[in-house]
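Coordinate inspection notes
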Amino acid sequence: MLPAGYTGDRAAGTAIYFVLMPGEQSAWHTVRGTEIWLHHRGAPVQLDLGGDGDAPGDPTPLMVGPDIAAGHQPQALVPPGVWQRARPIGDEAALVSCIVVPGFDFADFRLA
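Overview of the structure. (Residues numbered from 1 in each chain as written. Predicted model: local features only at pLDDT ≥ 70, side-chain atom pairs only at ≥ 80, totals over all residues. Heavy atoms only, no water.)

Here's the deal with unusual backbone geometry
To keep things clear, this is the line we draw: Strands here are runs of E lasting at least two residues and helices are runs of H or I lasting at least four, both read from the DSSP assignment and numbered beginning at the N terminus.
Residues Val101 and Pro102 are joined by a peptide bond in cis, for which omega reads -15°. Among the structural elements, Pro102 can be located in the loop between β8 (94-101) and β9 (109-111).

Below you can see the structure in the form of structure tokens.
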């Protein structure tokens, strides 16, 4: 069962697997569902969380990566409706996955 307010059907969850190259940064965006980031290999990824307002606010960084002693998290949760952007740290590519629950649909996606 979907939470209130969703139009149309959604998958229970969706997942993508992708590479972020050095120097790349995703655009500020938000999705309506909960998003779980998983680090698999390579550079840590800095997630900037920009709150849940009409536009991104002052970013709060969250490091998704393999080095727990350095404060990295191997997985991280972005709550529903929170603005986010991502970039690998350093000169190495990062291999990550994102899981969205309920499943991703472009109707639930916004760019800043």
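Here's the deal with the packing of aromatic side chains
Applied cut-off: Centres within 6.5 Å make a pair out of two Phe, Tyr or Trp rings, where for Trp the six-membered ring is used; the pair is then stacked when the planes are under 30 degrees apart, edge-to-face when over 60, and tilted otherwise. Residue burial is assigned from relative accessible area. The probe radius is 1.4 Å, only protein chains are included, and a residue is buried under 20% of its type maximum, exposed over 50%, and partly exposed in between.
One pass over the structure, following the stated rule, counts four aromatic pairs. On the basis of an interplanar angle of 65° and a centroid distance of 5.8 Å, the ring pair of Phe104 and Phe109 is categorised as edge-to-face. Between Phe106 and Phe109, the aromatic rings sit 5.9 Å apart at their centres with planes inclined by 85°, giving edge-to-face as the arrangement. Since its relative accessible area comes to 65%, Phe106 is described here as exposed. Ring pairing ties together the aromatic residues Phe104, Phe106 and Phe109, which thus form one cluster.

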